[in-house]
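# Fold and geometry: a report
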Amino acid sequence: MQRTSGIAALVALTTLAAGVPAHASERPAREITAKVETPALYDDEAGGYADADDPAIWVNQANKARSLVIGTAKNGGLRVYDLTGREVQSIATPEGGRFNNVDLISGFKLGNQRVDLAVVTDRGLDKLRIYRISPAGLTDITAADVPLLFSKDEAEAQEQATGYGLATYDRYAVVSRRHTTRLGIFRLVEKHGRVTYRASDTLDLPSSFRLPNGGTWSPCEEPGEGPQIEGMVVDAEAGVLYAAQEDVALWRINLAGGTFSSIPRIVEKVKEYGVPASWDPDTEECLPDSANDPGFGGRIAADVEGASIYSTGKRDGYLIVSSQGDSRFYVYDRRTNRPITLFTVTDGPKTDGVQHSDGAAATSVALPGYPKGLLVLHDGENTPGDGRTSTNFKFIDWRSLHLAKI
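To start, this report covers the structure provided alongside it. Keep in mind the model is a prediction, meaning the values are calculated, not measured.

Attention now moves to unusual backbone geometry. A cis amide bond links Ala-302 to the next residue, Asp-303, at an omega of 10 degrees. In this structure, Asp-303 sits in the loop between strand S24 (285-288) and strand S25 (304-311). Of note, the bond from Thr-383 into Pro-384 is cis; its omega dihedral lies within 30 degrees of zero at -5 degrees. Position of Pro-384 relative to the elements: it lies in the loop between strand S30 (374-379) and strand S31 (390-397). Positive phi is not limited to glycine here, since Tyr-49 has a value of about 50 degrees. One can find Tyr-49 in the loop between strand S3 (41-42) and strand S4 (55-58). Residue Tyr-49 is classed as partly exposed on the basis of its relative accessible area of 39%. The backbone phi angle of His-402 is positive, close to 55 degrees, even though this residue is not glycine. Considering the arrangement of structural elements, one finds His-402 in the segment after S31.

Laid out in structure tokens, this is it:
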């Protein structure tokens, strides 16, 4: 049975405290380059409407060289890559499906075995899809009768306020609902040798905010839509969810079992926080009134997107977040959420840079070619595009960030 978190009603009434002062000064961004990139994906008919979005890194504990990077490609399904960036598997979506985000669960008990799973949000059908991972690739083990995530029926699912962002921990998946502020937690369970899930908690983040000057502010959205969440990561050892509400802020929310267990707190707001804006139906865009910026924002240029954790110990390491609006990445202390540094990925001798990045994934496990770990980033503007919309994933050698262990 689904339960609604008892803290949900408190969220909108809580005074929000950002971990970074408004309009904080910052050092210049460190410029790094990617070591490897995956083949270009093209969001057109010839390319199968494949649009790269979110990656996950599966470490093969028995043979690190056979580790895999799994990436969503929306209508193009899932793409699986080896550590050289070579595509080794392509998985199509079911009819009507659109794969948005992916994350992993290790050691899931399936029958008499412990297996690793790739969990995917299918935003086209408002469902999760679950794949068993092996060195040979991914195998679909989704139960035939998995429930809708948020919609009451198939007709509502067609309206596409569906499962969107995703982060996993233990046996749970945290899923955001597209075009809304809702988060849900779903417990994965075995059913006759396959995997299904059931809802265990929900939480609604605010859509309206009280400003320090006594006013209120709501981010501009298309009529009928709310400020949604996509990029998420769970720090399982700390029991913390980081959730990127695209036009608002990066949030920190404690987890306990299958429940949200604390009032959400803001780690950092977007630059545009508090700036008045209005929807223009002709351009179908929000027009900001920058001249009346009250100065309450942070450093991240909306959208705040892909979040990932690089661990250097039980509670130590780094939190990496995409500042999609200006193609920067911010790095925070994992324990304190204190800002550490920022970087951009620029054109290098073998790859182009990274622009308007959505998803990110990191591991501190030593892998062939990546002795201090690997960072994988979505590139929203892969070049050369040859006149077509092109995306892919960039592989970053962690050593290029020049970050000592905390």
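The discussion continues.
Right, let's get into the sheet that holds strand S11 (residues 137-140). To summarise the sheet geometry, strands pair through backbone hydrogen bonds and adopt either a parallel or an antiparallel arrangement. Strands sit in the order S8-S9-S10-S11 across an open sheet of four strands; the sheet is antiparallel. A strand with exactly one partner marks an edge of an open sheet, and here the two such strands are strand S8 (99-110) and S11. Shown here is a sheet whose adjacent strand axes are inclined to one another by a mean of 35 degrees, direction ignored. As paired strands, strand S9 (residues 113-122) and strand S10 (residues 127-134) are joined by seven bridges and run antiparallel to one another.

A word on the packing of aromatic side chains. Summed over all chains, the structure comprises 13 aromatic pairs. Their ring planes at 35 degrees and their centres at 5.9 Å tell us that Phe-209 and Trp-217 sit as a pair that is tilted. For the residue pair Phe-209 and Trp-217, the accessibility class agrees, reading buried in each case. If you follow Lys-35 out to its NZ or CZ, it ends over the ring of Tyr-370, 4.8 Å from the centre. Sitting above the plane of the Tyr-273 ring, Lys-269 keeps its charged end 4.6 Å from the centroid.

So, on to the pattern of salt bridges. Within the structure shown, the criterion is met by 20 salt bridges. As a salt-bridge pair, Asp-170 and Arg-171 come within 3.9 Å of each other at their nearest N and O atoms. Using a relative accessible area of 49% as the deciding quantity, one classes Asp-170 as partly exposed. In this structure, the salt-bridge partner of Lys-271 is Asp-326, at a minimum N-O distance of 3.6 Å. Separated by 55 residues along the polypeptide, Lys-271 in the loop between strand S22 (265-269) and strand S23 (277-280) and Asp-326 in the loop between strand S26 (317-323) and strand S27 (328-333) bring together distant segments of the chain. Looking at Lys-271, the relative accessible area reads 33%, which means it is partly exposed. The network of salt bridges with shared partners includes Glu-37, Asp-352, Asp-379 and Lys-394.

To continue, consider the pairing of S27. Counting buried positions along S27 yields five of six residues, so the element is predominantly enclosed. In terms of strand pairing, S26 meets S27 through six bridges, oriented antiparallel. Bridge assignment links Val-321 to a residue of S27, and that residue is Tyr-330. Linking S26 to S27, which pair antiparallel, is a turn of four residues; within it Ser-327 sits at a positive phi near 60 degrees. One ladder, built from four bridges, connects S27 with strand S28 (residues 339-345); its direction is antiparallel. Bridging from a neighbouring strand, Tyr-330 pairs with Leu-342 of S28. Linking S27 back to S28 in an antiparallel pair, the connection comprises five residues, with Asn-337 at a positive phi of about 65 degrees.

Scoring rules and cut-offs
Residues numbered from 1 in each chain as written. Predicted model: local features only at pLDDT ≥ 70, side-chain atom pairs only at ≥ 80, totals over all residues. Heavy atoms only, no water. Helix = DSSP H or I, 4+ residues; strand = E, 2+ residues; numbered from the N terminus. Buried < 20%, exposed > 50% of the residue type's maximum accessible area, 1.4 Å probe, protein only. Pairing = 2+ DSSP bridges. Axes fitted to C-alpha atoms, helices over the stretch in contact; angles between N-to-C directions. Phe/Tyr/Trp six-rings, centres within 6.5 Å; stacked < 30°, edge-to-face > 60°. Lys NZ or Arg CZ within 6 Å of the ring centre and 35° of its normal. Salt bridge = Lys/Arg side-chain N within 4 Å of Asp/Glu carboxyl O.

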